[in-house]
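One letter stands for each residue in the lines below.
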Amino acid sequence: MTIRILSVGKKHDQALSAAIDEYSVRTARIIKLDWEFVPPSGLPEQQARLDESERLLQRVREDIVWLLDERGVQVDSPALSTKLTDLQIKGVKQLTIVIGGAYGVSKRMHERADFTWSLSKLVFPHQLVRLILAEQLYRATEIARGSGYHHV
């Protein structure tokens, strides 16, 4: 399975890039991570949210879509591992995880999402979200493998 992470913003920040790349490489033993970026619109808040969301929606096609949003459902690492494993068992070839822009995403993008996932009730900078996401996806694959990386 491939997980495409579709993020509004620029490429990874240099300070975090090595760590994000390291987790992406580690995860690739089981699940390939593809990072794609949609440039921020630079428009005022409401217009930016709509413009960026439309450009995200154009890219999600018929994919299974998980939207990251602090108002979404929180899952622990074992539950995340189970959700990903269930998708693999069902034969899903690609999952797209969407990270919206600074002003979030439109109602239409929320409605398109198959699952709205919260990493935390806290709000993080987008660059840090990418690192947390990469590590959690790696952790989920390691839980599925029974590797011992995840300690309870």
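Coordinates for the structure precede this section.
Residues numbered from 1 in each chain as written. Predicted model: local features only at pLDDT ≥ 70, side-chain atom pairs only at ≥ 80, totals over all residues. Heavy atoms only, no water.

## Notes on the overall build of the chain
Scanning the chain from N- to C-terminus turns up five helices and five strands. Reading the chain from its N end, one meets helices and strands in the order β-α-β-α-β-α-β-α-β-α. Scaling as 2.2 N^0.38, a compact globule of 152 residues should have a C-alpha radius of gyration of about 15 Å, and the chain matches this with 15 Å. C-alpha extents for the chain along the principal axes are approximately 45 × 35 × 25 Å. Across the 152 residues of the chain, 45% fall into the buried class. Surface exposure of the chain reaches about 8,200 Å², of which carbon and sulfur atoms provide 52%. (Helix = DSSP H or I, 4+ residues; strand = E, 2+ residues; numbered from the N terminus. Rg over C-alpha atoms; globule rule 2.2 N^0.38 Å. Buried < 20%, exposed > 50% of the residue type's maximum accessible area, 1.4 Å probe, protein only. Areas by Shrake-Rupley, 256 points an atom, 1.4 Å probe, with all protein chains shown as cover.)

## Regarding the sheet that holds strand β5 (residues 115–118)
Across the sheet, which stays open at both edges, the five strands sit in the order β2-β1-β4-β3-β5 with parallel pairing between neighbours. The open sheet has two free edges, formed respectively by β2 (32–38) and β5, since each of these has just one partner strand. Between one strand axis and the next, the sheet turns by 30° as a mean value, whatever way the strands run. Across seven bridges, the pairing between strand β1 (residues 2–8) and β2 is parallel. What sits directly across from Ile 5, in β2, is Trp 35. (Pairing = 2+ DSSP bridges. Axes fitted to C-alpha atoms, helices over the stretch in contact; angles between N-to-C directions.)

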